[in-house]
Amino acid sequence: MSGSTGKTPVVGGQVRRLRQDANLTQVELATAAGVSVDVIRKAEQGRQTPSLATLHKIAAALDVEVSTLLSKPSTLPQPTEHSGVLAMRRAVSGIDDLLEATPDVARFTEAQARSAATYAWGSYWAGRYGHLGEVLPGMLLSVRAVDDPRVNVLASRLYQVTACTLVHLAQPDAAHLALREAMRLASRGDDPLQAAALRSSLAWLLLTQGRLEESRTLALSTARDIEPGNRAELPRMSLWGSLLLSGATAAGRMGERDNAAHMLDQAHQVAVHTGHRNDFETAFGPDQVTMQAVGVDVVTQHYATALTTARKLPRATPLPLAAKSRHLADRALALSRLGRDEDATTTLLAMNHLAPDWMQYQALPRVVIGELLLRERRRGSKLRELARRLQVTTPTG
């Protein structure tokens, strides 16, 4: 279908364009990426989007971030001098401090810093990245000049949420800078577990970059460092469980399904004890374990099992909006790969209704939409309307 029109959705066109820009043949790219030439051929023809692990290999061979292959947005609408991606990058770089050009802003009190961190994380888990681009630069300016152990921990959490937001905006280098500053502030704070929480965020950042072995190693070594005893407090237990989930996700993307299952089982045992919690701005509990298990099923291409596992997640789950939406994206991909296009489309539309702001900056829904469009015959459908909003290439003809 796409071959007759000269258009392929999202990934295929990007792989072809970048390969040609690098003056590589399909065989040369396949060899450099360590994949079969059939994988490259099918990707460029739009017949099959490679797994995330394979996409990371292709991206590395082309010397780009995987977000480039997925045409993921890396800017925010209507930026100003004091808001948007550039303002966030400037705030985390510290260049103003070196130039002694820090704007004259009011310093946060401890109460103001706590309120700002709570508000920013609430916006993050609601997928409001555009709004965060407006408020985070000013928040960082107001908190970073305060040298107080209690405020330092809160400042660390503000830099942490900035890093996580920058990941979604395909700005990994700036995200690394933000996490480095968050770790520096945490070392001067009064919460010994905050550093472990930051390493959990770093493990996720490495995961998004395809640095899977490093991600898993960091998550599991941190989990060993804070492993709770029999009388451990619940925040430590939930953070430990979250780190196990990070390790499981990395193992799944590496194709190590059995290892991932073992870590998921460990995390489930912890979650049964802790129940649902939101320590260190990270949701953890039985539902989070189920959601991550579905993700492992999807990345290891066990799509039918993923849908069976997904049925265990209750409709009234207390998971934050961004987590619920990510779960819907996994379900939509599984449905698409099983040829259940109508159900996949319904799931995408439900996701768009639930979290349109979040969806705007996610790669996976765009991949699923691209796959479905190759099989979509109706013009003017709701799927095509959604594709236009997300600027996903649509086959014509």
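For the structure itself, consult the block above.
Quick caveat: nothing in here was measured; it's all calculated off a predicted structure. (Residues numbered from 1 in each chain as written. Predicted model: local features only at pLDDT ≥ 70, side-chain atom pairs only at ≥ 80, totals over all residues. Heavy atoms only, no water.)

Undergrad: Sorry, what's going on with the nonpolar core here?
TA: Across soluble globular proteins, nonpolar side chains show a tendency to be buried alongside one another. Leu136, Met139, Leu158, Leu348, Trp358, Met359 and Ile369 are the most contacted members of the largest nonpolar core, which has 75 residues in total. Looking at which element gives the most residues to this core, the answer is helix 11 (residues 149–168), with 10 residues. What Trp358 contacts, discounting residues up to four positions off in sequence, is Gly127, Tyr129, Ala322, Ser325, Arg326, Ala329, Met351 and Pro365. Counting residues in each nonpolar core, the second largest holds 25 residues, with Ala260, Met263, Ala267 and Val270 among its members. (Core = buried A, V, L, I, M, F, W, Y, C linked by side-chain atoms within 4.5 Å. Buried < 20%, exposed > 50% of the residue type's maximum accessible area, 1.4 Å probe, protein only. Helix = DSSP H or I, 4+ residues; strand = E, 2+ residues; numbered from the N terminus. Contact = heavy atoms within 4.5 Å.)

Undergrad: What's the story with the packing of helix 10 (residues 129–143) against helix 11 in this structure? I'm lost.
TA: Describing two packed helices takes the angle between their axes plus the distance from one axis to the other. Across the interface, helix 10 lies against helix 11 with an axial gap of 10 Å and an inter-helix angle of 150 degrees. The angle between helix 10 and helix 11 falls in the class roughly antiparallel. By crossing handedness, the relation of helix 10 to helix 11 is classed as left-handed. Within the contact between the two elements, helix 10 uses Tyr129, Leu132, Leu136, Met139, Leu140 and Val143 and helix 11 uses Val151, Ala155, Leu158, Tyr159, Val161, Thr162, Thr165 and His168. (Axes fitted to C-alpha atoms, helices over the stretch in contact; angles between N-to-C directions. Parallel < 35°, antiparallel > 145°, perpendicular 65-115°, else oblique. Left-handed = near helix turned anticlockwise from the far one by under 90°.)

Undergrad: What should I look at first to understand the packing of aromatic side chains in this one?
TA: The description of an aromatic ring pair uses the distance of the two centres, along with the angle that the planes make with each other. Tallied over the full model, the rule gives four aromatic pairs. A ring pair is formed by Trp121 and Tyr124, whose centres lie 5.4 Å apart and whose planes are at 75 degrees; its orientation type is edge-to-face. On the criterion of helical spacing, the pair formed by Trp121 and Tyr124 is a turn pair, its members being three residues apart in helix 9 (residues 110–125). Just as Trp121 is buried, Tyr124 falls in that class too. Through successive ring pairs, a cluster of aromatic residues spans Trp121, Tyr124, Trp125, Tyr129 and Tyr361. (Phe/Tyr/Trp six-rings, centres within 6.5 Å; stacked < 30°, edge-to-face > 60°.)

Undergrad: How do you make sense of the packing of helix 13 (residues 194–208) against helix 15 (residues 234–253) when you look at a structure like this?
TA: Contact geometry of helix 13 with helix 15 gives a least axis separation of 10 Å together with a crossing angle of 15 degrees. Between helix 13 and helix 15, the angle is such that the two are roughly parallel. The chirality of how helix 13 crosses helix 15 is left-handed. Residues Ala196, Ala197, Ser200 and Leu207 of helix 13 touch helix 15, and the partners they reach there are Leu239, Leu243, Ser246, Thr249, Ala250 and Arg253.

Undergrad: Mind showing me how you'd approach the side chain of Arg19 here?
TA: With respect to the element layout, Arg19 can be found in helix 2 (residues 11–21). Overall, the relative accessible area of 10% leaves Arg19 in the buried class. A polar atom in the side chain of Arg19 sits 2.5 Å from the side chain of Glu44. Those residues in contact with Arg19 that sit more than four places away from it in its chain are Leu24, Thr25, Gln26, Leu29, Glu44 and Leu62. (Polar contact = N/O pair within 3.5 Å; in protein donor to acceptor, adjacent residues only side chain to side chain.)

Undergrad: Hey, could you run me through the side chain of Asp330 in this one?
TA: With respect to the helices, strands and loops of the structure, Asp330 is situated in helix 19 (residues 321–337). Other than its neighbours up to four places away in sequence, Asp330 contacts Val294, Gly295, Val298 and Leu364.

Undergrad: Please clarify how the pattern of salt bridges should be interpreted in this entry.
TA: Between side chains of opposite charge, pairing is possible as soon as their charged atoms come close. For the coordinates displayed, the defined rule picks out 21 salt bridges. Residue Asp21 is joined to Arg17 by a salt bridge in which the shortest nitrogen-to-oxygen separation is 3.2 Å. Taken together, the residues span about one helical turn, with Asp21 and Arg17 both in helix 2 at a distance of four residues. Among the salt bridges present, the one from Arg211 reaches Glu214, with a minimum N-O distance of 2.9 Å. (Salt bridge = Lys/Arg side-chain N within 4 Å of Asp/Glu carboxyl O.)

Undergrad: I tried to follow the environment of Lys42 on my own but got confused; where do I start?
TA: Tracing the backbone through its elements, the reader meets Lys42 in helix 4 (residues 37–45). Since its relative accessible area comes to 28%, Lys42 is described here as partly exposed. Each C-alpha atom of the pair Lys42 and Pro235 lies 46 Å from the other, and the pair is 193 residues apart in sequence. Setting aside residues no more than four positions away along its own chain, Lys42 makes contact with Arg47 and Gln48.

Undergrad: Which parts of the structure should I look at to understand helix 23 (residues 382–390)?
TA: Spacing of three or four residues puts side chains on the same side of an α-helix, whose turn is 3.6 residues. What helix 23 keeps buried is the set Leu383, Arg384, Leu386, Ala387 and Leu390. Projected down its long axis, helix 23 carries its buried residues within an arc of 155 degrees, all on one side. The exposed set on the far side of helix 23, more than 90 degrees from its buried face, consists of Lys382 and Arg388. On the buried face of helix 23, the contacting elements are helix 20 (341–354), helix 21 (356–360) and helix 22 (364–375). (Arc of directions from axis to C-beta.)

Undergrad: Before we go on, may I ask you to explain helix 20 in this structure?
TA: Relative to the 20 Å expected for 14 residues at 1.5 Å per residue, helix 20 spans 20 Å between its end C-alpha atoms, a close match to the ideal helical length. Among the residues of helix 20, those classed as buried are Asp341, Ala344, Thr345, Thr347, Leu348, Met351 and Asn352. Around the axis of helix 20, the buried residues are gathered within 160 degrees of arc, so they sit on the same side. Turned more than 90 degrees away from the buried face of helix 20, the exposed residues are Glu342 and His353. Those residues of helix 20 hidden inside the fold are in contact with helix 19, helix 21, helix 22 and helix 23. (Expected span 1.5 Å × (residues − 1).)

Everything listed here is a matter of geometry and, on its own, says nothing about what the molecule does.
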